[in-house]
Amino acid sequence: MEAIRQQFFNLAIMEQAFPLILAGLKQTIIICLIVIPLGLAGGLAFALSSLSRFRTVRWTAIAGIDFFRAIPPLVLLIFIYAGLPFAGFRPSPMTAVAIAFFLNTSSYYGEIYRAGIESVGLGQWDAARSTGLRGYQTLIYVVLPQAVRNVLPDLVSNTVEVVKLTSIASVVALPELLYSADMARSVTFNSSPIVLAAAIYLAMLWPVVRLISRLERRIAT
Amino acid sequence: MEGWSRFLDTFFNWMVIERYLPAIMKGVVVTIEIAAAVVVAGILFGLALAIVRAFRVLAVNALIVVFVDVFRALPPLVLILLVYFALPNIGINLPSFAVLWLVLALVLAAFAEEIFWAGILSIPKGQWEAARSTGLSFLGTLAYIVLPQAIRLTVPPLTNRTIAITKNTALGMVIGVGEILNQATTAQSFSGNATPLMMGAIAYVILFIPVVVLGRFLETRFAWRRV
């Protein structure tokens, strides 16, 4: 028992590692602030193109969505970070992370928006157009608000996945939360810093996970 | 034309492909093995938890909810590093592939439990009451009446979640599991060429595009009816 306490819940080591881990948390938040808005915007673009009237646009968008959903984000990240320099483009860890996560998350958000837009009846379009609203106005004022409301649990749940995803930025040595904790672990030969990082992830995401369960249940019944 | 041949030489170098194809194929086999083991163990364990939860024993259900929430809230990579570096300290030594399998199976079980449970809850109470009134036992009602209807509802969300979690087998690279990405990055550093990374990426796309397309098909076929 004492060994477990020493290894996992060593307060002295946690205190020592705290400033490093706090700096990591800041990086994690910065990544989220870059990737989530980019992903939400890119996802909308993906969704609208996948519902386009033009077949080439539609098929290209669907192929893109499926491609980026099929490829693991870590593979994409390493390809961009370690592969592209061979072609003369040398992204910084942050740039590589932003590009890889943008492609990954916008394809997921794209699928969710698409399902949402499809869930709004065609009659809504017709009715809105017949009142004199233009196509884009119908989309912005009539269809999207209902679409987003219908898929809100999925949007929130995917956002949790994005926050969790930021942890793999540690693989390309971006000093975010997990990377800092793992640094502290390798210096102290003690797992407590990772336990501390896990506690921080839990504190950030547990309330949201609870909220999702409630939102989902309300819609399911 | 110069640029084009340089591009081919960097990303589709035939000599590198020939040399490292066996290694990548070995990675493909490892990835498929771990992914299959994760899917089977994760879904079965998730289903078992949902069935236990249906008995509504307060203390047990509280434990299940805590387990499910923790494994849904923590990034899989955090769990992998925690288990991989921590278990040896308390005298448990697991090979890295077992760590990867265990963590991903538990994560999938957590998500699967939530999905199955939502499915069970979505079956109207009248179904339970009607079945019980015909003399079926609680377990009989669950097995023959509720689960068959609930599982149908769970197919699309469960498929999508399962795909997303099996893709995390690539995280095995971090702890040295010899899966596709690990083979590809090793080969890349030996060959000093980006071709193995391209091969790895293509291997993943070949493996997962069919499942993603299948998931899309199931989604329309078994769509959740939302009012």
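All of the points below concern the structure found in this document. (Residues numbered from 1 in each chain as written. Chains lettered and ligands numbered in written order. Predicted model: local features only at pLDDT ≥ 70, side-chain atom pairs only at ≥ 80, totals over all residues. Heavy atoms only, no water.)

1. Things to note about the overall build of chain A
We apply this condition: Under the scheme used here, helices are H or I runs from DSSP no shorter than 4 residues and strands are E runs no shorter than 2 residues, and both carry numbers assigned from the N terminus. For this analysis, residues touch if any pair of their heavy atoms sits within 4.5 Å. Computed by Shrake-Rupley with a 1.4 Å probe, the accessible areas treat only the displayed protein chains as cover when residues are assessed. Charge counting treats Lys and Arg as positive and Asp and Glu as negative, with His and both chain ends excluded. Positions of charges follow a simple convention, taking NZ of Lys, CZ of Arg, CG of Asp or CD of Glu.
Helices and strands together make up the secondary structure of chain A, namely ten helices and zero strands. Its helices and strands taken in sequence order, chain A reads α-α-α-α-α-α-α-α-α-α from the N to the C terminus. Its C-alpha atoms give chain A principal-axis dimensions of about 70 × 50 × 25 Å. Across chain A, contacts joining residues at least 24 apart in sequence account for 73% of those joining residues at least 6 apart. Split by element, the accessible area of chain A, about 10,500 Å² in all, is 67% carbon and sulfur. Charge-centre separation for chain A: the mean point of 17 positive side chains lies 8 Å from the mean point of 11 negative side chains.

2. Some words on the overall build of chain B
Threshold: In this description the radius of gyration comes from C-alpha coordinates, and the expected globular size is given by 2.2 Å times residues to the power 0.38. Each residue's exposure class comes from its accessible area (1.4 Å probe, protein chains only) as a fraction of the maximum for that residue type: buried when under 20%, exposed when over 50%, partly exposed otherwise.
In terms of helices and strands, chain B carries nine helices and zero strands. Along chain B, from the amino end to the carboxyl end, the secondary structure elements read α-α-α-α-α-α-α-α-α. Against the compact-globule benchmark of 17 Å for 227 residues, chain B has a radius of gyration of 22 Å, which places it well outside the compact range. The principal-axis extent of the C-alpha atoms belonging to chain B is close to 75 × 45 × 25 Å. Relative to its 227 residues, chain B shows a buried fraction of 51%. Sequence-distant contacts in chain B: of pairs separated by 6 or more residues, those separated by 24 or more amount to 78%.

3. Comments concerning the interface of chain A and chain B
To keep it simple, the criterion reads: For any pair of parts, buried area is found by adding up, for both, the accessible area (1.4 Å probe) each one loses once the two are put together. Any Lys or Arg side-chain nitrogen found within 4 Å of a carboxyl oxygen on Asp or Glu counts as a salt bridge. Distance and chemistry together define a polar contact, namely a pair of N or O atoms within 3.5 Å, with one atom able to donate a hydrogen and the other to accept it when in protein, and with adjacent residues in sequence counting only for side-chain atoms on both sides.
Of the residues lining the interface, 52 residues belong to chain A; the matching set on chain B comes to 53 residues. Carbon and sulfur atoms supply 69% of the area buried between chain A and chain B, which totals about 4,500 Å² over both sides. For the interface between chain A and chain B, the tally reads four salt bridges. Between A:E161 and B:R161 there is a salt bridge, and its shortest N-O distance comes to 3.4 Å. Applying the counting rule to chain A against chain B returns eleven residue pairs in polar contact (both at pLDDT 80 or more).

4. A word on unusual backbone geometry
All names here are of chain A. Positive phi values are uncommon outside glycine, yet A173 reaches one of about 65°. Turning to its location among the elements, A173 is positioned in the loop between α8 (152–165) and α9 (177–188). The exposure class of A173 is partly exposed, given its relative accessible area of 38%.

5. Brief notes about the packing of helix α2 (residues 14–54) of chain B against helix α8 (residues 180–191) of chain B
Residues and elements named next belong to chain B. The condition that has to hold: To define axes, lines are fitted to C-alpha atoms, for helices over the stretch in contact only, and angles between the resulting N-to-C directions are given on a 0 to 180 degree scale. Oblique is the label for any angle not under 35 degrees, not over 145, and not in the 65 to 115 range, which are roughly parallel, roughly antiparallel and roughly perpendicular in turn. Note: crossing handedness is left-handed where the near helix turns anticlockwise from the far helix by less than a right angle, and right-handed where it turns clockwise.
At a minimum axis separation of 7 Å, α2 and α8 run at an interaxial angle of 160°. Taken together, the axes of α2 and α8 lie roughly antiparallel to each other. Where α2 crosses over α8, the handedness of that crossing is right-handed. Contact with α2, carried on its side by V16, Y20, A23, I24, K26, G27, V28 and T31, involves I180, Q183, A184, A187, F190 and S191 of α8 and no other residues of that element.

6. Concerning the pattern of salt bridges
Scanning all chains against the criterion turns up 13 salt bridges over all chains. Between A:D66 and A:R69 there is a salt bridge, with the nearest N and O atoms lying 3.6 Å from each other. Taken as a pair, A:D66 and A:R69 lie in helix α3 (residues 55–70) at a separation of three residues, close to a single helical turn. Of the two residues, A:D66 and A:R69, both sit in the buried class. Notably, a salt bridge pairs A:R114 with A:E118, separated by 3.3 Å at the nearest N-O pair. Taken together, the positions of A:R114 and A:E118, both in helix α5 (residues 93–119) and four residues apart, correspond to about one turn of that helix. Each of the salt bridges in this network shares a partner with another, and the network as a whole consists of A:D66, A:R69, A:E111, A:R114, A:E118 and B:R216.

7. Brief notes about the nonpolar core
The criterion, for reference: Definition used in this section: a nonpolar core is a set of buried Ala, Val, Leu, Ile, Met, Phe, Trp, Tyr and Cys residues joined via side-chain atoms within 4.5 Å.
Grouped together as the largest cluster of nonpolar side chains are 104 residues, with contacts concentrated most on A:L77, A:V97, A:F101, A:I168 and B:L181. In contact with A:V97, not counting residues within four places along its chain, are A:I31, A:L77, A:F102, A:A169, A:V172 and A:L174. Residues B:I115, B:F116, B:W117 and B:L158 belong to the second largest nonpolar core, which totals 15 residues.

8. Some words on the environment of A:T188
All names here are of chain A. Considering the arrangement of structural elements, one finds T188 in helix α9. Judged by relative accessible area, which is 26%, T188 ranks as partly exposed. The spatial distance from the C-alpha of T188 to the C-alpha of P73 is 30 Å, given a sequence separation of 115 residues. If we skip the residues at most four places from it in the chain, T188 touches I13 and P193. A polar contact is formed between the side chain of T188 and the backbone oxygen of A184, at a distance of 2.7 Å.

9. A short note on the environment of A:L139
All names here are of chain A. Tracing the backbone shows L139 in helix α7 (residues 135–150). Along the backbone, L139 and L48 are 91 residues apart, and their C-alpha atoms lie at a distance of 9.9 Å. Filtering out sequence-adjacent residues up to four positions away, L139 remains in contact with L48, W125, L144 and P145.

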